[in-house]
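# Commentary on secondary and tertiary structure
Letter by letter, the chains look like this.
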Amino acid sequence: MTEQTSLAGKKIVLGVSGSIAAYKAADLVRLCTKAGAEVKVVMTQAASEFITPLTMQTLSGNPVAMTLLDADEEAAMGHIKLARWADWVLIAPATANTIAGLAQGRTEDLLSALCLATTVPIALAPAMNNKMWTNKATQANLAVIAERGMHLLGPASGDQACGEQGEGRLLEPEQILAELSQLVLPPKLAKKRLVITAGPTHEPIDPVRFIGNRSSGKMGFAMATAAAETGAEVILVTGPVHLATPPGVTRIDVETASQMHEAVEKIESIDIFIGCAAVADYRPQQYHDKKIKKTAEKQREISLIENPDILAGVSQRKQKPFIVGFAAETDNITDYAKEKMVRKQLDMIAANQVGKGLGFAVDTNALQVFWHQGDAVLPQALKSHLARELMRLIIERYDAKNSA
Ligand code: C5P
């Protein structure tokens, strides 16, 4: 696989803001389209002082958008249309002002409005004077946007247009393309069916009470987002969560482990199965259809019976998919995870430590991934980044298994 192939067929909005380095964006358009991407350019007013929209239009083969309230645009909603069209947003060069606008969620021009409106990943390549780059205000803004999952490409160090030397130079277009290609998942799973379970399950005791767990579903939803980027058909079977369905993903809502099991059993021809859900191992044996009343008893017991193991069911299929399990453990992670991979006949297991602010209901996580011939550590990062890295490993191992 060449580095560029991950961009083939991707729709990229290239945002250009007002820096002397804007002229390099022209080369970037050329490189992106050569790598097979379709590019639509959005320029700020200041960018158009450095390089003409006509140049960008000619190179990209698409009209250049510049104004937020364009009367010629249907219902003047260009930012929404572009936000929906894109697979990725790349801002190069990104000025200190553009970065500040992103950190604050401002919508003063088309570029910042579409960044606020989009759900796709955003990468930016900064370009500014070295003092502006190291200024605490800029660094604080960068920390904010990194925490929200935006990817930073560069900057480089060296001679600057202002005559100074230091950090803040725009990366060379070839390097921006190489780094972006690394981030974008290759469209390797087109025509494959990928099923992901996510979230907790709720096991009802009576009409108002249930046994549940702390899973937020964030990791499973991040996996579904990453999976959709690979071109796969993604079916997300989820327990009760408060999360929006990722674009391009088919969602099936369930409440209990039994319902999740039934929903998964009904799905045929699965190529890859990822069990991210924190499925309750047991459920109350008896469901009371009226609310259980408090009594004088000092102690009450709920008898539990075992739930079906969804992963085990999938691994017993005649046409067994490539199966990835998750193991949330409070201790002895490596041993428990490896034992689980063998016992449940999985191809891969992603283990993480839970408890003490780790794992559940937070935006970051760290994973130890095991497969039969090796392992990898994915250090603490946003779940969206981790999911993309894990997806990369899954594609690699899935390819290796199928070519063996
Ligand atoms: O044994 P444990 O519950 O820790 O295993 C975790 C893995 O098994 C996860 O991938 C989870 O989604 C899956 N699982 C399942 N069905 C169950 C219990 C767990 O698919 N009933």
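Whatever comes next refers back to the structure up there.
What comes next concerns the included structure. (Residues numbered from 1 in each chain as written. Predicted model: local features only at pLDDT ≥ 70, side-chain atom pairs only at ≥ 80, totals over all residues. Heavy atoms only, no water.)

## Examining unusual backbone geometry
- The amide bond that connects Ala92 to the next residue, Pro93, takes the cis arrangement and shows omega of -5°.
- Considering the arrangement of structural elements, one finds Pro93 in strand β3 (residues 88-94).
- A cis amide bond links Gly154 to the next residue, Pro155, at an omega of 5°.
- In this structure, Pro155 sits in the loop between β5 (151-152) and β6 (156-159).
- You will see that Ser269, though not glycine, has its phi angle at about 50°, which is positive.
- Relative to the helices and strands, Ser269 is located in the loop between α11 (257-265) and β13 (272-275). (Helix = DSSP H or I, 4+ residues; strand = E, 2+ residues; numbered from the N terminus.)

## A few points about the site of the ligand
- Taken together, Gly275, Ala277, Val279, Asp281, Pro308, Asp309, Ile310, Leu311, Gly325, Phe326, Lys340 and Lys344 form the complete shell of residues around the ligand.
- The separation between an oxygen atom of the ligand and a polar main-chain atom of Phe326 is 2.8 Å.
- At 3.0 Å from an oxygen atom of the ligand is found a side-chain nitrogen or oxygen belonging to Lys344.
- Mapped onto the shell around the ligand, the elements with two or more residues apiece are α12 (310-315) and β16 (322-329). (Near = heavy atom within 4 Å. Polar contact = N/O pair within 3.5 Å; in protein donor to acceptor, adjacent residues only side chain to side chain.)

## Regarding the sheet that holds β3
- Pairing is parallel in the open sheet, where 5 strands are placed in the order β2-β1-β3-β4-β5. The open sheet is flanked by β2 (38-43) and β5, the only strands paired with a single partner.
- Pairing analysis gives 2 bridges linking strand β4 (residues 122-126) to β5, with the strands arranged parallel. Opposite Leu124, over in β5, you have Leu152 as the bridge partner.
- Those strands touched by helix α1 (residues 24-34) are β1 (11-16), β2 and β3, and its axis lies near 175° from that of β1. (Pairing = 2+ DSSP bridges. Contact = heavy atoms within 4.5 Å. Axes fitted to C-alpha atoms, helices over the stretch in contact; angles between N-to-C directions.)

## Notes on the pattern of salt bridges
- This model, assessed by the stated rule, comprises 16 salt bridges.
- One salt bridge connects Lys131 with Glu164, and the closest N-O pair in it is separated by 3.2 Å. Of this pair, Lys131 sits in helix α7 (residues 130-134) while Glu164 sits in the loop between β6 and β7 (165-169), placing them 33 residues apart in sequence.
- Using a relative accessible area of 52% as the deciding quantity, one classes Lys131 as exposed. (Salt bridge = Lys/Arg side-chain N within 4 Å of Asp/Glu carboxyl O. Buried < 20%, exposed > 50% of the residue type's maximum accessible area, 1.4 Å probe, protein only.)

## Considerations on the side chain of Ser181
- Looking at the secondary structure, you find Ser181 in helix α9 (residues 173-183).
- Its relative accessible area of 4% is what places Ser181 among the buried residues.
- In terms of polar contacts, Ser181 uses its side chain to reach the backbone carbonyl oxygen of Leu177, at 2.7 Å.

## A word on the packing of α1 against α9
- At a minimum axis separation of 9 Å, α1 and α9 run at an interaxial angle of 45°. On the basis of the axis angle, α1 is oblique to α9. For the pair α1 and α9, the crossing hand works out as right-handed. For the pair α1 and α9, the contacting residues are Lys24, Asp27, Leu28, Leu31 and Cys32 in the first and Pro173, Glu174, Ile176 and Leu177 in the second.
- Considering only residue class, the contact of α1 with α9 consists of 6 nonpolar, no polar and 3 charged. (Parallel < 35°, antiparallel > 145°, perpendicular 65-115°, else oblique. Left-handed = near helix turned anticlockwise from the far one by under 90°. Nonpolar A, V, L, I, M, F, W, Y, C, P; charged D, E, K, R; others polar.)

## A closer look at α1
- Residues of α1 that are buried include every one of Lys24, Ala25, Ala26, Leu28, Val29, Leu31 and Cys32, and no others.
- The inward-facing, buried residues of α1 contact β1, β2, α3 (53-60), β3, β7 and α9.

## What to know about the side chain of Lys340
- Mapped onto the fold, Lys340 is located in helix α13 (residues 333-343).
- Here Lys340 falls in the buried class, since its relative accessible area comes to 18%.
- If we ignore the near neighbours within four places in the chain, the residues touching Lys340 are Ala327, Glu329, Leu346 and Ile349.

## Comments concerning the sheet that holds strand β18 (residues 364-371)
- In spatial order, the strands read β12-β11-β8-β13-β16-β17-β18-β19; together these 8 strands make up an open sheet with mixed pairing. Unpaired on one side and paired on the other, β12 (249-253) and β19 (374-382) mark the two borders of the sheet. Within this sheet the neighbouring strands show an average axis-to-axis angle of 15°, counted without direction.
- Where strand β8 (residues 193-198) lies against β13, 4 bridges are found, and the strand directions are parallel. Bridge pairing links Thr197 to Gly275 in β13.
- Here α13 sits on the sheet in contact with β16, β17 (348-353) and β18, set at roughly 150° to β17.
- Running at roughly 160° to β19, helix α14 (residues 383-403) makes contact with β8, β13, β16, β17, β18 and β19 of the sheet.

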